[in-house]
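Structure assessment
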Amino acid sequence: MSQTVKVTFKLNDRPVEVLVEPRELLIHTLREKLAHTGPHIGCETSHCGACTVDMNGASLKSCTILTVQCEGADILTIEGIAKNGELHALQEGFMQEHGLQCGFCTPGMITRAYRLLQEIPDPTEEEIRYWMAGNLCRCTGYQNIVKSIQYAARKLRGEPVETSHPLMGEKAAQSEMAG
Amino acid sequence: MDTVADQTERLGKLEGMGCSRKRREDPRFIQGKGNYVDDIKMPGMLFGVMVRSPYAHARIKKIDTSKAKAHPGVYAVLTAEDLKPLKLHWMPTLAGDVQAVLADEKVSFQNQEVAFVVAEDRYVAADAAELVEVEYEPLPVVIDPFKALAPDAPVIRDDLQGKDTGSHGARKHHNHIFNWEVGDRDKTERVFADAEVTVKQDMLYPRVHPCPLETCGCVASFDKIRGDLTVYITSQAPHVVRTVVGLLSTIPESKIRIISPDIGGGFGNKVGVYPGYVAAIVASIVLGRPVKWIESRQENLTTTAFARDYHMTGELAADKDGRIKALRVKVIADHGAFDACADPTKYPAGLFHVCTGSYDIPNAFVSVDGVYTNKFPGGVAYRCSFRVTEAVYLVERMIDTLALKLGIDRAEIRKRNFIRKDQFPYATPLGLEYDSGDYAPALDKVLAAMDYQGLLAEQAKKRADPDSPTLMGIGICTFTEIVGAGPSKNCDILGIGMFDSCEIRVHPDGSAIARMGTITQGQGHQTTYAQIIATETGIPASMIHTEEGDTATAPYGLGTYGSRSTPVAGAAVANASRKIREKARQIAAHLLEVAPDDLEFDLDQFRVKGVPGKAKSMKEIAWAAYNNVPPGMEHGLEAVDYYDPPNFTFPFGAYMCVLDIDRHTGETQVRRFYALDDCGTRINPMIIEGQIHGGLTEGFAVAMGQQMPYDDEGNVMGSTLMDYFVPTSMETPKWETDFTVTPSPHHPIGAKGVAESPHVGSIPCFTSAVVDAFSHLGVTHMNMPHSSYRVWQQCQALGIAN
Amino acid sequence: MKVELEKSHALAVPADIAWRVLQNIESVASCMPGATITERVDDANYKGTVTVRVGPATVSFKGDIEVKDIDANKRELRLVGKGSDTSGQSGASMDLLAWVQEGDAAHCQLVGRSEVTVTGKVANFGGRMMGTVSDQILKQFFDNFSALVAASAAQQGGVAAAEETVVRPAHELNALSLFWAIVKDFFRKLFSPNKAG
């Protein structure tokens, strides 16, 4: 089992190279070898979705794939959702609409919702609930998660949204100054 | 200066109590920068894996660790034999029992801890765990607590043989743990004997598991040179863990530092001290290297802390008008193989004696027997205070049953029996004193919001239509919760009173740090505690940093569970803030050269009464505290408060649920769920609503699908998320929330606590609705979970499914 | 959890030949897919292993087999097997009663009644597959046993010689065919009219 394989892929737009055993799961590689502890482990049966990442334009539960299968892949995790120091609309939405409590499911939720909004920019509530059904949350009861995603969809479509979290204010102020 | 606009602006800047302040913990979580225990990595860290028993009851004939020890990358394999010289093979539980850290000659539940393998990483540890060879001799298994009390039942706890008293008094049988009785038995018997009407109902509150999304785990790191131990741990009660570890290891508490980092949900699962923690600590002490232990989901669901498993029989005596005269309850409580409940020492059945509910019941008697079975230990409060969910379920089921028997409307019978507003503080027949309540207006508000009469008319129409494909059920629940454990006169854990604490330091620039003995697991303490301090001291919440969970810095507290943070630590926060404010008044008086009594507190400043413009802001006062204090006063501006509550708090609520059942498939659709909660003073409405959504969803899970079933061999049949129900966004209903405000008279800010009410209140409401759907067909009770299959079975039994 | 099974299988040999084969524990074991006798302690006690392979997972049970009773008059045999998997995560025991029922001069019937109890991970994860898996294992056993008995009858040279000529069953459950059989069984049950719900 000590035989290792070199695997290269893109992680949040940066090329990475890791040595792994063939049996190593992607979630362990991300968390233990690449210091990306945003995706979490909540079960070992692919039910909870806490480990969700985006790979080659599709959501993926990173506990169900071996790292060796990711050769050449393009992987996005929660750490790569904010761009250029600016939060993604989904990250804002989760803060604004109280879409998280303990925060353990949140990285997976946001990464999954990111894929949803790539595919359906204007989802109905039913579509949101259907798309998010592979990600479990024990704290929120999903109602505010749905609102958070609706908030992000509105913002990404260019519609006005209310932002009242100070962090969002700072970012907005920064971008105003930059612009 | 004193314009309304100015006041509003200052109030806005303060972000004190009552506003929906956005959460300060969110930025790290939404960016994947939370710091949960499995995210912690230390130099030289090793990984531990438990070897567990496949048998629910077996004698261990032999453990051969040689192959595992020889496996490359393995550092240690611990068994009970290795722990014996250190006297660490058994540990105390929070309930006064003992539990095997690693199985000592026998195992008493499936997946019990047998050996602990420590290796360089989790893969190697898992490989080596499979090389540990254990020879078992299976013993007869007993999983039914009634069968466990049979004279010839297998002995589950060999270590207790011959002991006829336990930590809660006499034991009647080798599998008996305790009997706990409260109330006036004789008087209750007499009332029953003379009653116009009586009803009786057996019910099972099934074994469930809190199942937080993050499992339990720890990283233990013992520094051999300094002789100190640091443990990062998923604990809802880090200070209690420190005391337990100190007792076990004989390391002084001053050399032990317990840190609860970010916690991915607790819900009662993370209160206890588990064998994995102890094993990791011992391994770290032995090896002198940090050792991480993280549960798998299967380990979490099958070994660390179940909830409920109460077999209850309730009886009500009443007059023909439905006025309740007495309540009698008998409970057989299945505690599993070790009594590891997290109850206050004096209450082996927790606060079950709140089971007279919101009703003015003059007589009551309760008897609870705790029983050992070959199941995993626990009995924790899954999003409720100790055994309150069970108690509320019982009384709400009983009043529904009485209403059915007498043909009285379920809302009406509740109103006839409510404790009236003028009866508070109200002494219950089981020895509690309810602080405040106003039940009838709450129920009326819900009945109006839901158009109860309209729903009844619709239901009557459906019932009259033999072709209706659906059955309609209306559920009602008017619960009273008991939270905020608790007064040290009757609440302690391991002899430590259940107070809580807060320490605030105001810095020269007017910002502040506050530390509490509690620990947030998603409740948003960082946000809400700062709001209390802001209102009480006038320091803007944004200038207050709050910190919890590190025993090296935080004052001693009993932790966060049983909705005790707001009622207990929240009060300590308010009191410490007031101490700061009083010192600030003295300083302000000195600066303004007036008497302290001439000053009045105004949002964020002290001003001289009747002299507009003459004032000192808290910022100015904070600066002065470090350079210009009144003669004789110590410098600095800080305060500590240890709050011992004079009483519990009693939040309440009125819930209504409407659901439709497909009588051919048993599929149940929740049409509406309306939850009105009264948690006293509201600190942050946004967070309260979030807590209520979460509690309702967990209530939905328990009522509609959760159960930890066992087969006759003691195999756990709900050991993964394939088999254990956790609702997704698809099946979770949409919640409607509402509130009334009845402050607690004894709490400094009148707050009562909220997170658990929706769980406690919604579960009987769902059962009430499901049973109501069938009540016209003669059904008076159905046990949970109300899964489609079980509901369909009911339809089959009644011959109404095709 | 417990699974009880009773199965019978027609054999195209006289009862005596079948009974002779049945008494040879090592041969009987060799018909059990994935089973091997590793040690003969005495006439009544054996040690053996059973390996079940489904997909990437292999569960290897190691245990003791005890011949509880051999009744030549009834042509009846009772075996009790007990063991645990080598990784210590599952336990299993089996109580098997097998007998040969006389038919006509050239035919007989082999009947087996077994009670299998499993504990640990196999029960936790595979609980709902247990019935079907046991059923399939038994079917393969009967096929192998028929072949052995037929060869034994043809050779007249005793069981040992017969065994040489019979293609020995693979010492691992044939994963693919087992899987396929389970899937077929699952669908058959799904569409059978008397299936509840």
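Everything numeric in this text was worked out from a predicted model, so none of it was measured. (Residues numbered from 1 in each chain as written. Chains lettered and ligands numbered in written order. Predicted model: local features only at pLDDT ≥ 70, side-chain atom pairs only at ≥ 80, totals over all residues.)

Okay, the overall build of chain C next. A tally of regular secondary structure across chain C gives six helices and seven strands. Across chain C, helices and strands are ordered from the amino to the carboxyl terminus as β-α-α-β-β-β-β-β-β-α-α-α-α. Within chain C, buried positions represent 36% of all 197 residues. Residue pairs at least 24 apart in sequence account for 56% of intrachain contacts in chain C once pairs closer than 6 positions are excluded. (Helix = DSSP H or I, 4+ residues; strand = E, 2+ residues; numbered from the N terminus. Buried ≥ 20, exposed ≤ 12 C-beta atoms within 10 Å, placed from the backbone. Contact = placed C-beta atoms within 7 Å.)

This brings us to the interface of chain A and chain B. Taken together, the contacts link 45 residues of chain A with 44 residues of chain B. Taken together, the elements giving at least two residues each to the side of chain A that touches chain B come down to α2 (89–96), α3 (106–119), α4 (125–131), α5 (143–156) and α6 (166–178) of chain A.

This paragraph deals with the interface of chain C and chain B. With 16 residues of chain C at the interface, the matching set in chain B holds 19 residues. When contributions to the side of chain C that touches chain B are tallied by element, the ones reaching two or more residues are β6 (90–102), β7 (108–120) and α3 (121–126) of chain C.

Residues and elements named next belong to chain A. Across the sheet, which stays open at both edges, the five strands sit in the order β2-β1-β5-β3-β4 with mixed pairing between neighbours. Lying at the two open borders of the sheet, with one neighbouring strand each, are β2 (14–20) and β4 (58–61). Averaged over all pairs of adjacent strands, the angle between strand axes in this sheet comes to 40 degrees, irrespective of strand direction. The sheet contact formed by strand β3 (residues 52–55) and strand β5 (residues 74–76) spans two bridges and is antiparallel. The partner of M55 across the bridge, within β5, is I75. Set on the sheet, α3 makes contact with β3 and β4; between it and β3 the angle comes to about 35 degrees. (Pairing = 2+ DSSP bridges. Axes fitted to C-alpha atoms, helices over the stretch in contact; angles between N-to-C directions.)

Residues and elements named next belong to chain A. Splitting chain A by domain gives domain 1 (5–80) and domain 2 (89–178). Here the C-alpha centroids of domain 1 and domain 2 sit 23 Å apart. At the junction of the two partners, domain 1 supplies 16 residues and domain 2 supplies twelve residues. Within the residue set of the side of domain 1 that touches domain 2, elements represented by two or more residues are β3 and β4. Sort the elements by how many residues they give to the side of domain 1 that touches domain 2 and β3 lands first, with three residues. Residue composition of the side of domain 1 that touches domain 2, by class: seven nonpolar, eight polar and one charged. (Domains from an automatic or database assignment. Nonpolar A, V, L, I, M, F, W, Y, C, P; charged D, E, K, R; others polar.)

Moving on to the nonpolar core. Counting 313 residues, the largest nonpolar core has B:L102, B:V117, B:I533 and B:V573 as the members making the most contacts within it. Aside from chain neighbours lying at most four places away, what touches B:V573 is B:C502, B:A514, B:M516, B:Y529, B:I532 and B:I533. The next biggest cluster of nonpolar side chains, apart from the first, holds 39 residues, and it includes C:L22, C:V59, C:A92 and C:I137. (Core = buried A, V, L, I, M, F, W, Y, C linked by C-beta atoms within 7 Å.)

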